[in-house]
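One-letter residues, chain by chain:
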Amino acid sequence: MNEQISQSDINSEGHLTIGGCDAVSLAHQFGTPLVVYDVNQIKSQIEHFQEVFKNNDVEYAVCYASKAFANTAMYQLVDSMDCHVDVVSAGEMSMALHAGFPAEHMTFHGNNKSRAELQMAIDNHVGVIALDNFHEIDLLNEVLESSDAKTKVMMRITPGISAHTHEFIQTGQVDSKFGFDLESGEAEQALQAVLKHPRMDLIGIHSHIGSQIFELNGFELAAEKLVQLAADWKQRFEYEARVIDVGGGFGIRYTEDDRPLQPEQFVDAIIKTIKQASQAHGLTTPAVWIEPGRSIVGPAGYNLYTIGSRKDVKGIRSYVAVDGGMGDNIRPALYEAKYEAVVANRPEAEIVEHVHLAGKYCESGDILIDDLPLPETHPGDVVVMFDTGAYGYSMASNYNLNPKPAIVFVEDGKATLVTRRETPADLERLDFGLDGK
Ligand SMILES: Cc1ncc(COP(=O)(O)O)c(C=O)c1O
Ligand SMILES: N[C@@H](CCCC[NH3+])C(=O)O
């Protein structure tokens, strides 16, 4: 049996359950492709992060990076757990506000925030703007002056650390589009610029070194560099950082080849590094903020598909196709990301073959899983793909004009539809005809 599931996840009918709900029934009730989140898994990961901070006795914020997965219910859930959120667009900001998420607990990130987005953040009293570049410092100042407002800001720096992860999701190395470069003195220039603006209250320093990282040393190095920088800035500019934000990036297990530490173990090491380095530099330990996305929602998400056609290429391989694919999960095509899956109606059945699990999109590269071990399958069987909760739905597209799936939250045997399935009519609604009507 796949090591992702245990006997207790299988009900009396021999079906896989998610959050106490029969996965086959979920597929039949809500249709497929379907995105399912186990609410208790999300809560438990957030609690694990919070416990580590409490055990280390530091001020903190767990700031959920909502780019990993955002909908109204998720913002409400995160708020109910006393988390902050990181938003990166007017869209995320707007949905969080619509969900009733407190603006003061939002951090607004992005490498090219528009004037309109900054204005929206200021008008809605968003907690912190993470400054990314000189253009933005000027733009924000103009917005603040014209609105006669003030705001808290944080400075995103690129610490010059190449985390060991897929090249496309590294962000902390010198050659990155994000943040002020440390080595070249750009960060220091930015500090001087921000300190001249009385409408900006610089609460601290931020870095994010990348995503799906398995090694501790990149985080420890970044934490140490940030504290060193804080110490240097205190000595030379009498500026004292109240917050050190180390971003997110804690790697999760997708397949048996991945053996990451528990996400909270990364955080424990980061806090200890910050505490020790602060002590060594004679600084009061600042508040420590983290911005995990993937580690909060990745393992809690499941994509459900229904098997349709099959093609056997003699002597080469077989393709088993499902009713979703790269439109609801681009990660295999984009990053060669690996996943595991089982047949929900027979998770314990004997494996008889390895097939390519193909999507339904018009691309040869639309393969969700290479060489997936499967029992005998038939059209109508339901496949459950594990760990799809991060950057799946949030990067979904309408390629081939396929509507996006529905999302269901499950908890203790109860399923709640939290995002309805798109329909072709939803897509048509944006269009005008040739006559402009
Ligand atoms: C600034 C920032 N914070 C947090 C995250 C979340 O990263 P992850 O989902 O890997 O935890 C990202 C995305 O990589 C990011 O760019
Ligand atoms: N979208 C990426 C992560 C990007 C993180 C955002 N800075 C992934 O699926 O792994």
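Reading guide: rules and limits
- Residues numbered from 1 in each chain as written.
- Chains lettered and ligands numbered in written order.
- Predicted model: local features only at pLDDT ≥ 70, side-chain atom pairs only at ≥ 80, totals over all residues.
- Heavy atoms only, no water.
- UniProt positions renumbered as here; feature names shortened; annotations may be inferred.
- Helix = DSSP H or I, 4+ residues; strand = E, 2+ residues; numbered from the N terminus.
- Buried < 20%, exposed > 50% of the residue type's maximum accessible area, 1.4 Å probe, protein only.
- Contact = heavy atoms within 4.5 Å.
- Near = heavy atom within 4 Å.
- Polar contact = N/O pair within 3.5 Å; in protein donor to acceptor, adjacent residues only side chain to side chain.
- Nonpolar A, V, L, I, M, F, W, Y, C, P; charged D, E, K, R; others polar.
- Axes fitted to C-alpha atoms, helices over the stretch in contact; angles between N-to-C directions.
- Parallel < 35°, antiparallel > 145°, perpendicular 65-115°, else oblique.
- Left-handed = near helix turned anticlockwise from the far one by under 90°.

As recorded in an unreviewed UniProt entry, the protein goes by the name Diaminopimelate decarboxylase, listed as coming from Nicoliella spurrieriana. Turning to the protein, the UniProt record has this under Cofactor (unreviewed entry): "pyridoxal 5'-phosphate".

1. Some details on the UniProt feature "binding site: pyridoxal 5'-phosphate" (unreviewed entry) in the protein
Within this structure's numbering, the places UniProt gives as "binding site: pyridoxal 5'-phosphate" (unreviewed entry) are Gly249, Glu291, Pro292, Gly293, Arg294 and Tyr391. One can find Gly293 in the loop between strand E12 (287-290) and helix H10 (294-297). On the accessibility criterion, Gly293 (4% relative accessible area) is buried. Ignoring any residue separated from it by four or fewer positions in sequence, one finds Gly293 in contact with Tyr64, Ala65 and Ala68.

2. Here we look at the site of ligand 1
Inspection of the region around ligand 1 gives 15 residues, with His208, Ser211, Glu291, Arg294 and Tyr391 positioned closest. In this structure, an oxygen atom belonging to ligand 1 sits 2.6 Å away from a side-chain N or O atom of Tyr391. When the residues that make up the shell around ligand 1 are grouped by side-chain class, the tally is three nonpolar, seven polar and five charged.

3. Section: helix H5 (residues 115-123)
Every buried residue of H5 is accounted for by Glu117, Leu118, Met120, Ala121 and Ile122. In the core, the buried residues of H5 are packed alongside helix H4 (90-98), strand E6 (106-108), strand E7 (128-131), helix H6 (134-147) and strand E8 (151-158). Among the residues trailing H5, His125 stands out with phi positive, at a value near 60 degrees.

4. Details of unusual backbone geometry
In this chain, Thr32 is followed by Pro33 through a cis amide linkage whose omega measures -5 degrees. Along the polypeptide, Pro33 turns up in the loop between helix H1 (23-30) and strand E3 (34-38). One non-glycine residue, Asp412, lies in positive phi territory at about 50 degrees. As for its position among the elements, Asp412 is in the loop between strand E19 (406-411) and strand E20 (414-419).

5. Brief notes about the packing of H4 against H5
How two helices pack is summed up by the angle between their axes together with the distance between the axes. Interhelical geometry of H4 versus H5 gives an angle of 25 degrees and a closest axis separation of 10 Å. As judged from the angle between their axes, H4 and H5 are roughly parallel. Here the hand of the crossing between H4 and H5 comes out left-handed. Here H4 contributes Ala90, Met93, Ser94 and Leu97 to the contact with H5, which in turn contributes Glu117, Met120 and Ala121. Here the residues of the contact of H4 with H5 are counted per class, giving five nonpolar, one polar and one charged.

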